[in-house]
Amino acid sequence: MGAVSGELRRKLLIVDDDTELLGLLAEIVEQAGFAALPAQDPPTALEILEREQPDAVLLDVMLGPWDGFDLLRELQRRTDVPVLILTARGGENDRVRGLELGADDYIVKPFSVRELIARIRVHVRRGRADRDVRRRDGGTLRAGPLTLDVDEHSVKKDGESLHLTVSEFKLLHHLMSRAGHVVQTSVIAKEVWGYEDDGARDVVRVTLHRLRRKLGEDASNPRLLQTVPGVGVMMLIPEESDSASL
């Protein structure tokens, strides 16, 4: 029976160049029921990624001679599993940079073990649910010049392909599936990321800003993604988009 439960454990790739902390993190996640896959450098992390196909990645961006943000870019290119940054670099610029590069979460050391495990569980559960939905439901969404293909996990604007991170795609899918309706920021944070705390508003704000930029949106005169101050965001349906430009 133990072998079966071990096979069902979700795998977590942990990347940190601090040997002592890496061992501690591995012990923490193992006690929480995950299978820890530790790596001290990007080459090892990428080799484990290809071999083990983990369910999520816990990444420190301070990796000695290596730039953890470069590894984050490579992870975004190779996989769609959630990437959570866990680092001592807690400045706003670093947080924004990590989120703009596609990280699903940004946790600053020192950290609460309970909060860390809770966030990992949320992302692993949501990541697997998203992949299951893509396999099961499929379908295509359209809003104005945008076409989102759930099966292919792709987005086009006026026929031109857009390269979106997993977080950007999830946010756009959420808004397109509710086109013409204002979605509260707290609802976006909960349903897209699984968060219920006020800090999640920063994740929504940064991801929305990044998404707007990739869509070529003019923040002063949005044609697709309209912010309703103090409430949330609305994907304009074609009729509303046309009238808004008059």
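This one's a predicted model, so the numbers in the text were calculated from it and none came from an experiment.

(A) Main features of the overall build of the protein chain. If you tally the helices and strands in the protein chain, you get ten helices and 14 strands. By residue count, 46% of the 246 residues in the protein chain fall in the buried class.

(B) Geometry of the packing of helix 8 (residues 185-193) against helix 9 (residues 200-215). Taken N-terminus to C-terminus, the directions of helix 8 and helix 9 make an angle of 90 degrees; their axes are 9 Å apart at the nearest point. The orientation of helix 8 with respect to helix 9, classified from their angle, is roughly perpendicular. Contacts between helix 8 and helix 9 involve Thr 185, Ser 186, Ile 188, Ala 189 and Trp 193 from the first element and Ala 200, Arg 201, Val 203, Val 204 and Thr 207 from the second. A breakdown of the residues in the contact of helix 8 with helix 9 according to their chemical character gives six nonpolar, three polar and one charged.

(C) Region of the structure containing unusual backbone geometry. Residues Lys 109 and Pro 110 are joined by a peptide bond in cis, for which omega reads -5 degrees. Relative to the helices and strands, Pro 110 is located in the loop between strand 7 (105-108) and helix 6 (113-136). A positive phi angle is found at Gln 53, which is not glycine, with a value near 50 degrees. With respect to the element layout, Gln 53 can be found in the loop between helix 3 (42-52) and strand 3 (56-59). If you check the backbone angles, His 153 has positive phi at about 55 degrees while not being a glycine. Considering the arrangement of structural elements, one finds His 153 in the loop between strand 9 (146-149) and strand 10 (154-157).

(D) Expanded view of the sheet that holds strand 13 (residues 225-228). Pairing in this open sheet of three strands is antiparallel, and the strands run 12-14-13 from one edge to the other. The open sheet is flanked by strand 12 (182-184) and strand 13, the only strands paired with a single partner. The mean angle between the axes of side-by-side strands here comes to 30 degrees, regardless of whether they run parallel or antiparallel. With four bridges connecting them, strand 13 and strand 14 (residues 232-235) associate as antiparallel partners. If you follow Gln 226 over to strand 14, its bridge partner there is Met 234. In the packing of helix 8 onto the sheet, the strands contacted are strand 12 and strand 14, and the crossing angle to strand 12 comes to about 70 degrees. Against the sheet, helix 9 touches strand 13 and strand 14, its axis set at about 145 degrees to strand 13.

(E) Expanded view of the pattern of salt bridges. Applying the stated criterion across every chain yields a total of 18 salt bridges. A single network of salt bridges, built from pairs that share partners, joins Lys 11, Glu 47, Arg 51 and Glu 52.

(F) The environment of Ser 167, seen in detail. By the element assignment, Ser 167 lies in helix 7 (residues 166-176). C-alpha of Ser 167 to C-alpha of Asp 80: the two residues are 87 residues apart in sequence and 9.3 Å apart in space. Discounting chain neighbours no more than four positions away, the residues touching Ser 167 are Gly 102, Ala 103, Asp 104, Trp 193, Thr 207 and Arg 210. Here the side chain of Ser 167 touches Asp 104 through a polar contact of 2.9 Å, side chain to side chain.

(G) Quick look at the packing of helix 3 against helix 4 (residues 68-78). Across the interface, helix 3 lies against helix 4 with an axial gap of 11 Å and an inter-helix angle of 15 degrees. Here helix 3 is positioned roughly parallel relative to helix 4, judged by the angle of their axes. In the packing of helix 3 onto helix 4, the handedness of the crossing is right-handed. Contacts from Pro 42, Ala 45, Leu 46, Leu 49 and Glu 50 in helix 3 reach Leu 71, Glu 74, Leu 75 and Arg 78 in helix 4.

The rules behind each value
- Counting from 1, residues in each chain are numbered in the order their sequence is written.
- In keeping with the model being predicted, local features are shown solely for residues with a pLDDT of at least 70 and side-chain atom pairs are shown and tallied solely at 80 or more, while totals for entire chains, interfaces and linings include all residues.
- Hydrogens and water molecules were not included; the side-chain quantities draw on all heavy atoms of the structure.
- Helix and strand labels come from DSSP, where a helix needs a run of H or I of at least four residues and a strand needs a run of E of at least two; each type is numbered from the N terminus.
- Burial here depends on accessible area, computed with a 1.4 Å probe over protein chains only, as a share of the maximum for the residue type. Under 20% is buried, over 50% is exposed, and the range in between is partly exposed.
- Each axis is a line fitted through C-alpha atoms, taken for helices only over the stretch in contact, and angles between the N-to-C directions span 0 to 180 degrees.
- We call two directions roughly parallel when the angle between them is under 35 degrees, roughly antiparallel when it is over 145, roughly perpendicular when it lies between 65 and 115, and oblique otherwise.
- We call two residues in contact whenever any of their non-hydrogen atoms come within 4.5 Å of each other.
- As a working rule, the residues Ala, Val, Leu, Ile, Met, Phe, Trp, Tyr, Cys and Pro are called nonpolar, Asp, Glu, Lys and Arg charged, and the rest polar, with Gly in that last group.
- If DSSP finds at least two bridges between two strands, the strands pair.
- Should a side-chain nitrogen of Lys or Arg be within 4 Å of a carboxyl oxygen of Asp or Glu, the pair is scored as a salt bridge.
- Definition of a polar contact: a pair of N or O atoms within 3.5 Å, with one able to donate and the other able to accept a hydrogen when the atoms are protein atoms, and with sequence-neighbouring residues admitted only if both atoms are side-chain atoms.
- In this scheme, a crossing is called left-handed if the near helix is turned counterclockwise away from the far one by less than a right angle; it is called right-handed if the turn is clockwise.

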